[in-house]
Amino acid sequence: MLVLVINSGSSSLKYQVRDVAAGTVLTEGLIEKIGMGNGGDGDGEIEGPRDHAEALEQVDAAIHQELGGLELAAVGHRVVHGGERFAEPVLIDNEITRAIERLNPLAPLHNPANVLGIRAITRKWPDMPQVAVFDTAFHRTLPEHAWRYAVPDELYTNHGIRRYGFHGTSHEYVTRRAAALLDLPVEEFDGVIAHLGNGASVTAIRGGNSVDTSMGFTPLEGLVMGTRSGDLDPSILVFLGRAGWTPEDLDTMLNRESGLKGLAGNNDMRSVVEASESGDAKAATALAVTSYRLAKYIGGYHVAVGGAKALVFTAGIGENSHQFRALVADRLGALGVELDAGLNAERSRDPRVISTAGSAIPVLVVPTDEERAIAEATAAVVSSSVAP
Ligand code: AMP
């Protein structure tokens, strides 16, 4: 089955055409600067497509040029927020689109773009089956004691303020692959998954289900990230608000100027590791803070899952930075975790074990592939919806 996977942001649209059975990518691309141009109508500067519909025309043309007249069977959308309603991927119809739209206030930067992408496809290919795959869905199994914030109940009931968690598609995919690598049925997998990219989150998995996760009401909570602060004392915001910072100032500071960037002046882990190795004290501090905070979460989640059977690293930093993995593992001595320096330093695209035979639990590197997971989920939903 050929599936077009769409990840639409407010001004960009990433796409892949995948052959689900073969597990291959036939073509992929990125349309940028949506809404920043005139689409090339000869009237001055051409910066980008006028809107998502025009971006989709460009995608269609690019696919056609690359692959000729192939027949797409379905479109899978990455949708950031599924709120409390969506616990799994769903076939999209008008009611589902409106339900995703109603969640816009919870993800004001992401869901409106997802809805624009869905509507653009509905207009262009009205008969094309479309599936929404939600970033939050895998975390719908969190128990209440993990998703509740200790604030007045009214904030939850009237405003939906609770932990939702994100990166769910990746955490679920990596959980399945880690269980397979360890020869365990996924229902018997208890472990901790660290998705460390420019955005980063860690999830506690018990019996194959998410039972806690570090991102919360928004993707800001939890770990130190490329440009996001992760956890901090909320009173700092009250303090700054009283000092005249506006909500927009706070938002920008916490989401765009903090994390590795705030501590080391650079949000790219490679550069921070290199700077630290050449003696930059700020970079060394940034790595210490970031690895320490992750180690604290891993310790906590080891308890949350009743004893992790594995620790798994994934995403850009988790898959590629042996230096950062070693810094984290060095702080996990109390759990009996021991990396094999040789295995840790090896570069590979395959899921693999990087701990010693004597390590109390195996440490794994499992490459994530959100597009593949979305394509597979889309094919599964479409196949089951046309089955007799
Ligand atoms: P992602 O958001 O998953 O693409 O991850 C982006 C992060 O991965 C950035 O901080 C990169 O610096 C980091 N990263 C990518 N490749 C490497 C590498 N070879 N070594 C260290 N960090 C890397």
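This structure is a prediction, so every number in the text was calculated from the model and none was measured. (Residues numbered from 1 in each chain as written. Predicted model: local features only at pLDDT ≥ 70, side-chain atom pairs only at ≥ 80, totals over all residues. Heavy atoms only, no water.)

1. Observations regarding the overall build of the chain
- Helix and strand counts for the chain come out as 15 helices and 12 strands.
- C-alpha atoms of the chain, sized along the principal axes, occupy 60 × 55 × 50 Å.
- Burial status across the chain gives 47% buried among its 388 residues.
- Taking as baseline every contact in the chain between residues at least 6 positions apart, the subset at least 24 positions apart corresponds to 63%.
- As displayed, the chain offers around 17900 Å² of accessible surface, 51% of which is attributable to carbon and sulfur atoms. (Helix = DSSP H or I, 4+ residues; strand = E, 2+ residues; numbered from the N terminus. Buried < 20%, exposed > 50% of the residue type's maximum accessible area, 1.4 Å probe, protein only. Contact = heavy atoms within 4.5 Å. Areas by Shrake-Rupley, 256 points an atom, 1.4 Å probe, with all protein chains shown as cover.)

2. Examining the pairing of strand β7 (residues 191-196)
- With 6 of 6 residues buried, β7 is to be regarded as a mostly interior element.
- Burial of β7 is two-sided: the residues G191, I193 and H195 facing one way and the residues V192, A194 and L196 facing the other way are all buried.
- Here β7 pairs with strand β8 (residues 200-206) via 6 bridges, running antiparallel. Bridge pairing links V192 to A204 in β8.
- Between the antiparallel neighbours β7 and β8 lie 3 residues. (Pairing = 2+ DSSP bridges.)

3. Side note on the UniProt feature "site: Transition state stabilizer" (unreviewed entry) in the chain
- As recorded in UniProt, the feature "site: Transition state stabilizer" (unreviewed entry) lies at H167 and R228.
- Structurally, H167 is set in the loop between α5 (153-159) and α6 (168-181).
- In this view, H167 contacts D135, H139, H195, G199, A200, S201 and M215; residues no more than four positions away in its chain are not counted.
- By the secondary structure assignment, R228 is in the loop between β9 (209-213) and α7 (235-242). (UniProt positions renumbered as here; feature names shortened; annotations may be inferred.)

4. Topic: the sheet that holds strand β10 (residues 310-314)
- The 6 strands are arranged β9-β8-β7-β10-β12-β11 in an open sheet whose pairing can be described as mixed. Looking at the sheet topology across the chains shown, the edges are occupied by β9 and β11 (352-353).
- As paired strands, β10 and strand β12 (residues 363-365) are joined by 3 bridges and run parallel to one another. Paired with F313 across the two strands is V365, which belongs to β12.
- The sheet contacts of α6 involve β7, β8, β10, β11 and β12, and relative to β7 the element is tilted by about 130°. (Axes fitted to C-alpha atoms, helices over the stretch in contact; angles between N-to-C directions.)

5. Some remarks on the site of the ligand
- Every residue lining the ligand is accounted for by G197, N198, N267, D268, M269, R270, A315, G316, I317, N320, S321 and R347.
- Here an oxygen atom of the ligand sits 3.0 Å away from a polar atom, N or O, in the main chain of M269.
- Contacts to the ligand include G316, whose backbone N or O atom sits 2.9 Å from an oxygen atom.
- In isolation the ligand has 510 Å² of accessible area, and contact with the protein removes 71% of it.
- Elements represented by at least two residues in the shell around the ligand include exactly α10 (269-277) and α12 (315-320). (Near = heavy atom within 4 Å. Polar contact = N/O pair within 3.5 Å; in protein donor to acceptor, adjacent residues only side chain to side chain.)

6. Section: unusual backbone geometry
- Unusually for a residue other than glycine, K33 sits at a positive phi of about 60°.
- Mapped onto the secondary structure, K33 falls in the loop between β3 (24-31) and α1 (52-67).
- Phi at H167 is positive, roughly 60°, even though this residue is not glycine.

7. Considering the nonpolar core
- One finds I100, L196 and L294 to be the most contacted residues of the largest nonpolar core, which totals 55 residues.
- Here this core takes 8 residues from helix α11 (residues 281-304), the largest share from any one element.
- Leaving out residues up to four positions away in the same chain, I100 has contacts with V79, F86, N111, V115, I118, A132 and F134.
- With 17 residues, the next largest nonpolar core counts L2, Y15, I31 and A55 among its residues. (Core = buried A, V, L, I, M, F, W, Y, C linked by side-chain atoms within 4.5 Å.)

8. Comments concerning the packing of aromatic side chains
- According to the stated counting rule, one finds 4 aromatic pairs in the structure shown.
- Measuring from ring centre to ring centre gives 4.4 Å for F86 and F134, while their planes differ by 10°; the resulting arrangement is stacked. Taken together, the positions of F86 in the loop between β4 (74-79) and β5 (90-91) and F134 in strand β6 (residues 130-134) put the pair 48 residues apart, joining distant regions of the chain. When sorted by exposure, F86 lands in the same class as F134, which is buried.
- For the ring pair Y297 and Y301, a centre distance of 5.6 Å and an interplane angle of 70° mean the geometry is edge-to-face. With Y297 and Y301 both in helix α11 and 4 residues apart, this pair spans about one turn of that helix.
- Residue classification places Y297 among the buried residues on the basis of a relative accessible area of 17%.
- When its relative accessible area of 5% is taken as the criterion, Y301 is described as buried.
- R162 extends its terminal NZ or CZ atom over the ring of W147, reaching a point 4.2 Å from the ring centre. (Phe/Tyr/Trp six-rings, centres within 6.5 Å; stacked < 30°, edge-to-face > 60°. Lys NZ or Arg CZ within 6 Å of the ring centre and 35° of its normal.)

9. Structural notes on the sheet that holds β3
- Reading across the sheet, the 6 strands line up as β3-β2-β1-β4-β6-β5 and stay open at both edges, with mixed pairing between neighbours. Taken across any chain shown, the strands that pair with only one partner, and hence form the sheet edges, are β3 and β5.
- For strand β1 (residues 2-8) and strand β2 (residues 13-19), the ladder comprises 7 bridges, and the chain directions are antiparallel. In the sheet register, L4 faces β2, and the bridge partner there is V17.
- Taken strand by strand, α1 contacts β1, β2 and β3, and its axis lies near 35° from that of β2.

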